[in-house]
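Summary of the model geometry
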Amino acid sequence: MEYFLQQLVNGLTLGAVYGLVAIGYTMVYGIIGMINFAHGEIYMVGAFMSVIFFLLLGMFGLQWVPLQLLFVLFLAMAFTAAYGWTIERIAYRPLRSAPRLAPLISAIGMSILLQNAVQLLQGARPKPLPPIIQGKITLMTRADGFTVSISYLQIIIIVVTVALMAGFTLMIQRTALGRAQRACQQDRKMAELLGVDVDRTISLTFVIGASLAAVAGLMVVLYYGVIDFFIGFVAGIKAFTAAVLGGIGSLPGAMLGGLIIGIIEAMWAGYFKSELGEVAVFSILVLVLIFRPSGLLGRPEIEKV
Amino acid sequence: MSGGARTPLLTVEHLSMRFGGLVAVDDVGFTAYDREITAVIGPNGAGKTTLFNCLTGFYKPTAGRLALARGGGTFLLERMPAHLIARRAGVARTFQNIRLFAGMSVLENLIVAQHNRLQAASGWSIKGMFGLPSYRAAEREALEKAKAWLERIRLTRRADEPAGDLPYGDQRRLEIARAMCTDPVLLCLDEPAAGLNPRESSELAELLQDIRDSARIGVLLIEHDMSVVMRISDHVVVLDYGRKIADGPPDAVRDDPAVIKAYLGEDDEDELPPEVAADLGVGTAEGRP
């Protein structure tokens, strides 16, 4: 029981991160019907940005941790968002009216390009970051001394994720931009005829997705303390699985899918072999695609006549 | 509306649209006037919808000019992207096959149409997210306008239902209301009476006349239902095989031999079933008021 609880805490933390990345997949799919395979790399770039800004801020002598975190958060979000915007601009927008396969291939190309660029610029060796937030709260102790604990960092990750998701949901439901996004999702051409600037709405979608991925990148840097140029690939596919599990195109679905994937991975690693955690995750992708392609919260695709 | 001074609203000059070897619109020119209902009629494949698609930025015309007068200035529609045609020039349209945002609520469909004003007031969504007063005021205004339209098309009770769940006739009216929420100066309607029963199309005709008279805008109407066309249009343009074959007040167009020929063929006039002839208002006494 105690062991289960501990794995649940770990799984929730992991799931929060996947959920943040999954939002980017699901939003872009919703609005332009394309899987942005470079999104995992955006998350990786976000993680690198975080490390770079932590080191820079340290050089400038900023030592107070909360302020450091806040600065890194905003800087990483801003720079990664610029990446997201640029990728859409140069790799996807020119292919807007091309057959569906073209932007997909372009996305895979972007993904490889970003991986290699970061490998060249930052080196192939893993980049460590000394732990910045330490300490934990012990929730309960078993007779044999096993303790269930939640670290401050885990609390921060979960709180920040929940806050971001809430703010984001509010934006989609309440603001003109969110309404325009939903309208573009349903009928892009019609939205344009009502005066919605579709190109800008799509750009902003990429910007939002990328800044959420940057937050996820920052969390992972803090959580694991080490990153390399290849982390985007696996994390990206896991987040994609989360988006598919929740129902691609559905925002609550992406959040829910992220949590489920995170928990499954943590449980699998806790009770079976941790090397096989990914096998479990990707088996889910296969099963969902076979038995419930529209996902948990997705609407089944309706054939237009 | 005729009788007073007519102000030209849309001037179409030498408009042509070719798709490869097919000439869908061939050197068409006409003028639609402000505060008038201009009907564009013609047999299937005459180029009516292509004309609309050129007007609203779906297609770039192969040749020609589409000049829209608004507020003392002139907008050349053939040079503008679709969202600016809607936003700056003030052209709104509806479709033959209804294109509502089926998954959004009835009310939201009307609010999306006011996106521009709201987006401007929301300061790139930052103010909107925190609900600052200036944005809230703009949103309240948008909401009021949407509600006024819901009242007018009698859908207030169904405001929060998904638009896709409405009956067909209501969806047609909602689409027109949505187009009107963009504050257009020219409203383009592509077969708004298609699929409506006689009572509904009579209501529609009233709604369109009401829009023309109270919103004081120009209406451009593609319609096959001749009873609607003859009843409400101030001015009729007839296309056939992409060319304009007649242009004038409804009565004159109805009696135009070229129009009768396009609709009925040259030699078969006598063999037409009486109800078709009546629809067109030719050869029968009751067709002529």
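Residues numbered from 1 in each chain as written. Chains lettered and ligands numbered in written order. Predicted model: local features only at pLDDT ≥ 70, side-chain atom pairs only at ≥ 80, totals over all residues. Heavy atoms only, no water.

Turning our attention to the overall build of chain B. Secondary structure assignment for chain B yields twelve helices and ten strands. Here chain B, with 289 residues, has 52% of them falling under the buried criterion. Taking the intrachain contacts of chain B between residues at least 6 apart in sequence as the baseline, contacts between residues at least 24 apart amount to 66%. As displayed, chain B offers around 12,900 Å² of accessible surface, 51% of which is attributable to carbon and sulfur atoms. (Helix = DSSP H or I, 4+ residues; strand = E, 2+ residues; numbered from the N terminus. Buried < 20%, exposed > 50% of the residue type's maximum accessible area, 1.4 Å probe, protein only. Contact = heavy atoms within 4.5 Å. Areas by Shrake-Rupley, 256 points an atom, 1.4 Å probe, with all protein chains shown as cover.)

Take the interface of chain B and chain A next. Contact residues are listed per partner, giving 30 residues for chain B and 24 residues for chain A. Of the roughly 2,600 Å² buried between chain B and chain A on both sides combined, carbon and sulfur atoms contribute 63%. Applying the counting criterion to the chain B and chain A interface returns three salt bridges. For the salt bridge of A:Arg179 with B:Glu139, the shortest nitrogen-to-oxygen distance reads 3.0 Å. The tally of links from chain B across to chain A stands at seven residue pairs in polar contact (both at pLDDT 80 or more). Taken together, the elements giving at least two residues each to the side of chain B that touches chain A come down to α2 (82-89), β6 (91-93), α3 (106-112), α4 (115-122), α5 (126-130) and α6 (133-152) of chain B. Counted by class, the side of chain B that touches chain A contains 15 nonpolar, nine polar and six charged residues. (Buried area = accessible area lost by both parts, 1.4 Å probe. Salt bridge = Lys/Arg side-chain N within 4 Å of Asp/Glu carboxyl O. Polar contact = N/O pair within 3.5 Å; in protein donor to acceptor, adjacent residues only side chain to side chain. Nonpolar A, V, L, I, M, F, W, Y, C, P; charged D, E, K, R; others polar.)

Right, let's get into the sheet that holds strand β4 (residues 63-70) of chain B. Residues and elements named next belong to chain B. Here we have four strands laid out as an open sheet, ordered β2-β1-β4-β5, and antiparallel in their pairing. The open sheet has two free edges, formed respectively by β2 (22-33) and β5 (73-76), since each of these has just one partner strand. Pairs of neighbouring strands in the sheet enclose a mean axial angle of 20°, with direction left out of account. Summarising the sheet, strand β1 (residues 8-19) and β4 pair through five bridges and their orientation is antiparallel. Residue pairing across strands places Thr11 opposite Ala67, the latter belonging to β4. Of the strands in this sheet, β1, β2 and β4 touch helix α1 (residues 48-55), which is tilted by about 110° from β1. (Pairing = 2+ DSSP bridges. Axes fitted to C-alpha atoms, helices over the stretch in contact; angles between N-to-C directions.)

This next bit is on the domain arrangement of chain B. All names here are of chain B. Looking at chain B, the domain boundaries give domain 1 (1-90 + 185-289) and domain 2 (99-182). Facing 20 residues of domain 1, the contacting portion of domain 2 comprises 13 residues. At the boundary of domain 1 with domain 2, total buried surface from both sides reaches about 1,200 Å², with 64% on carbon and sulfur atoms. For the pair domain 1 and domain 2, the number of links is three salt bridges. Here Glu203 and Arg173 are joined by a salt bridge, their closest N and O atoms 3.8 Å apart. Across the domain 1-domain 2 interface, the total number found is six residue pairs in polar contact (both at pLDDT 80 or more). Elements represented by at least two residues in the side of domain 1 that touches domain 2 include exactly β7 (186-190) and α8 (198-215). Residue contributions to the side of domain 1 that touches domain 2 peak at nine residues, all from α8. Partitioned by chemical class, the residues of the side of domain 1 that touches domain 2 number twelve nonpolar, two polar and six charged. (Domains from an automatic or database assignment.)

Counting residues in each nonpolar core, the largest one holds 138 residues, and the members touching the most others are A:Ile23, A:Tyr43, A:Tyr92, A:Phe168, B:Leu174 and B:Leu187. Here this core takes 16 residues from helix α8 (residues 198-224) of chain A, the largest share from any one element. Per-domain counts for this core show at least three residues from each of domain 1 (1-90 + 185-289) and domain 2 (99-182) of chain B. Membership of the second largest hydrophobic core comes to 30 residues, among which are B:Val12, B:Val25, B:Ile222 and B:Leu239. (Core = buried A, V, L, I, M, F, W, Y, C linked by side-chain atoms within 4.5 Å.)

Residue and element names in this part refer to chain B. Although it is not a glycine, Arg154 adopts a positive phi angle of roughly 55°. Along the polypeptide, Arg154 turns up in the loop between α6 and α7 (168-180). Positive phi, normally seen in glycine, also occurs at Glu191, with a value near 50°. The topology assignment puts Glu191 in the loop between β7 and α8. Residue classification places Glu191 among the buried residues on the basis of a relative accessible area of 10%.

Tracing the chain through its elements places B:Pro133 in helix α6. Once the C-alpha coordinates of B:Pro133 and B:Ala121 are considered, the two residues, twelve residues apart in sequence, prove to be 10.0 Å apart.

All names here are of chain B. The full count for this structure, using the stated rule, is 25 salt bridges over all chains. Between Glu175 and Arg178 there is a salt bridge, with the nearest N and O atoms lying 3.9 Å from each other. Linking Glu175 with Arg178, this pair stays in helix α7, spanning three residues, or about one helical turn. A relative accessible area of 2% places Glu175 in the buried class. Its salt-bridge partner being Asp213, residue Arg212 comes within 2.9 Å of it at the nearest N-O pair. Classification of Asp213 as partly exposed rests on a relative accessible area of 36%.

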